[in-house]
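Next come the chains, spelled out residue by residue.
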Amino acid sequence: MTDRQRPLWMQTAALPGWILLCFAAAAIGGLGSMSAPALYGQLVQPGWAPPLWVFGRVWSVLYILMGIAAWLVWRKGPSPAVRNALILFFIQLGFNALWSWMFFAWRLGGGAFAEIVLLWLLIALNLRVFWRIQPFAGLLFVPHLRWVSIAAALNLSLWQANPGILG
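Counting from 1, residues in each chain are numbered in the order their sequence is written. Restriction of local features to residues with pLDDT of at least 70 applies here, the model being predicted, together with a cutoff of 80 or more for giving and counting side-chain atom pairs; totals for whole chains, interfaces and linings are based on all residues. Side-chain measures here rest on the full set of heavy atoms in the structure, leaving out hydrogens and waters.

*Asks:* What is the right way to read the overall build of the protein chain from this model?
*Replies:* By definition, any uninterrupted DSSP run of H or I lasting at least four residues is a helix, any uninterrupted run of E lasting at least two residues is a strand, and each is numbered from the N terminus. The number of helices and strands found in the protein chain is seven helices and zero strands. For the protein chain, the N- to C-terminal ordering of α and β elements is α-α-α-α-α-α-α. Values of the radius of gyration come from C-alpha atoms, whereas the globule rule sets the reference at 2.2 Å times the count of residues to the power 0.38. Taken against the 2.2 N^0.38 rule, which gives 15 Å for 167 residues, the C-alpha radius of gyration of the protein chain at 17 Å falls within 12% of a compact globule. By its C-alpha atoms, the protein chain is 55 × 25 × 25 Å across when sized along the principal axes. Taking all 167 residues of the protein chain together, 46% fall into the buried category. Here, residues are in contact when the closest pair of their heavy atoms is within 4.5 Å. In the protein chain, 78% of the contacts between residues at least 6 apart in sequence involve partners at least 24 apart. Per-residue and other accessible areas were derived by the Shrake-Rupley procedure at a 1.4 Å probe size, with only the shown protein chains allowed to occlude residues. Accessible surface for the protein chain amounts to roughly 8,400 Å². Of this, 73% is attributable to carbon and sulfur atoms. Summary of the burial criterion: residues with accessible area below 20% of their type's maximum are buried, those above 50% are exposed, and those between are partly exposed, where the area comes from a 1.4 Å probe applied to protein chains only.

Here it is as structure tokens:
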């Protein structure tokens, strides 16, 4: 079944579900970052570090884009390629949520950095796999990859500058 074979009502109704799924992962990560305002404020930061309020806004947009991308791939219908692409999507979504726990809740600066490097690789792979199925879906992952590149550099910088806090 391809996107042209699914009824339009089914295609339309599924989009909010994919976006809500992404925000569920965001909520799980958000639970791990409840201490973010206090922790982020006490860290020695590089001059280029974004203010804390930027993160929530950027991640909200990124989770919407991820949901749309997954929906576009899902619309292509059941196939091994779509199934594998969506499995990869769920894995990277889980790693997105895990990073907040590692950095903010557990204060594992080095572990969070290793995890975000793996996350970056998963996002790059997800972009590539989605691109092969639906190019625009892959394109929607570009902002995510760029933001996680910045986040990885910030993670490394904060970990190095704050070894007493971020182990």
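Structure shown, so let's carry the discussion forward.
*Asks:* Would you mind showing me how to read the nonpolar core here?
*Replies:* Nonpolar core, defined: a set of buried Ala, Val, Leu, Ile, Met, Phe, Trp, Tyr and Cys residues in which side-chain atoms within 4.5 Å join the residues together. Counting residues in hydrophobic clusters, the biggest one holds 49 residues, and the most contacted among them are Phe89 and Phe130. Listing elements by their share of this core, those giving two or more residues are helix H1 (8-32), helix H2 (36-42), helix H3 (52-74), helix H4 (80-105), helix H5 (109-133) and helix H7 (142-161). Considering every element that reaches this core, the biggest residue donor is H3, with 13 residues. Not counting the four nearest positions on each side in its chain, Phe89 is found in contact with Trp18, Cys22, Met66, Ala70, Asn126, Phe130 and Phe141.

*Asks:* Just to check I follow, could you spell out the environment of Asn84 for this structure?
*Replies:* In this fold, Asn84 is placed in helix H4. Taking the relative accessible area as the measure of exposure, Asn84 reaches 44% and is therefore partly exposed. It is 8.8 Å that separates the C-alpha atoms of Asn84 and Val129, two residues lying 45 residues apart in sequence.

*Asks:* Looking at this model, I keep getting lost on H7. Mind explaining?
*Replies:* Because each turn of an α-helix spans 3.6 residues, side chains separated by three or four positions in sequence point in the same direction. Spanning 20 residues, H7 covers 29 Å between terminal C-alpha atoms, matching the ideal 28 Å at 1.5 Å per step. Every buried residue of H7 is listed here: His144, Leu145, Trp147, Val148, Ala151, Ala152, Leu154, Asn155, Ser157 and Leu158. Tucked into the core, H7 has its buried residues touching H2, H3, H4 and H5. Residue count minus one, scaled by 1.5 Å, sets the expected span of a helix.

*Asks:* Sorry, what's going on with unusual backbone geometry here?
*Replies:* With glycine set apart, most residues show a phi of negative sign, and most peptide bonds adopt trans. A positive phi is found at Arg107, a non-glycine position, where the angle reads about 55°. Checked against the element boundaries, Arg107 lands in the loop between H4 and H5. Take Arg107: its relative accessible area is 32%, and that puts it in the partly exposed class.

*Asks:* In this structure, what is going on with the environment of Pro51? I would like to understand it.
*Replies:* Within the fold, Pro51 resides in the loop between H2 and H3. Exposure remark for Pro51: the relative accessible area of 40% places this residue in the partly exposed category. Separated by 10 residues in sequence, Pro51 and Gly41 have C-alpha atoms that sit 9.4 Å apart.

*Asks:* I tried to follow the packing of aromatic side chains on my own but got confused; where do I start?
*Replies:* Pairs of aromatic rings are described using the distance from one ring centre to the other and the angle between the two planes. Note on aromatic contacts: the rings of Phe and Tyr and the six-membered ring of Trp form a pair at centre separations within 6.5 Å, being stacked when their planes are under 30 degrees apart, edge-to-face when over 60 apart, and tilted otherwise. This model, assessed by the stated rule, comprises 15 aromatic pairs. With a centroid separation of 5.5 Å and 40° between ring planes, the pair formed by Trp59 and Tyr63 is classed as tilted. Placement of the pair is Trp59 and Tyr63 together in helix H3, with a separation of four residues, close to one helical turn. Tyr63 carries the same exposure label as Trp59, and that label is buried. An aromatic cluster of at least three residues, connected via ring pairs, comprises Trp18, Phe89, Phe90, Phe130 and Phe141.

*Asks:* How should I be thinking about the packing of H4 against H5 in this particular structure?
*Replies:* How two helices pack is summed up by the angle between their axes together with the distance between the axes. Between H4 and H5, the least distance of the axes is 9 Å, while the angle of their chain directions is 155°. The orientation of H4 relative to H5 falls into the category roughly antiparallel. Note on packing geometry: the crossing formed by H4 with H5 is left-handed. Each residue belonging to the contact of H4 with H5 can be placed in one class, and the counts come to 22 nonpolar, four polar and one charged. Whenever a helix is involved, its axis is fitted only over the stretch in contact; in every case the axis is a line through C-alpha atoms, and angles between N-to-C directions fall within 0 to 180 degrees. We call two directions roughly parallel when the angle between them is under 35 degrees, roughly antiparallel when it is over 145, roughly perpendicular when it lies between 65 and 115, and oblique otherwise. If you view the pair so one helix is near and one far, a crossing is left-handed when the near helix is turned anticlockwise from the far one by less than a right angle, and right-handed when it is turned clockwise. Each residue is assigned to one class: nonpolar for Ala, Val, Leu, Ile, Met, Phe, Trp, Tyr, Cys and Pro, charged for Asp, Glu, Lys and Arg, and polar for all the others, Gly among them.

Everything listed here is a matter of geometry and, on its own, says nothing about what the molecule does.
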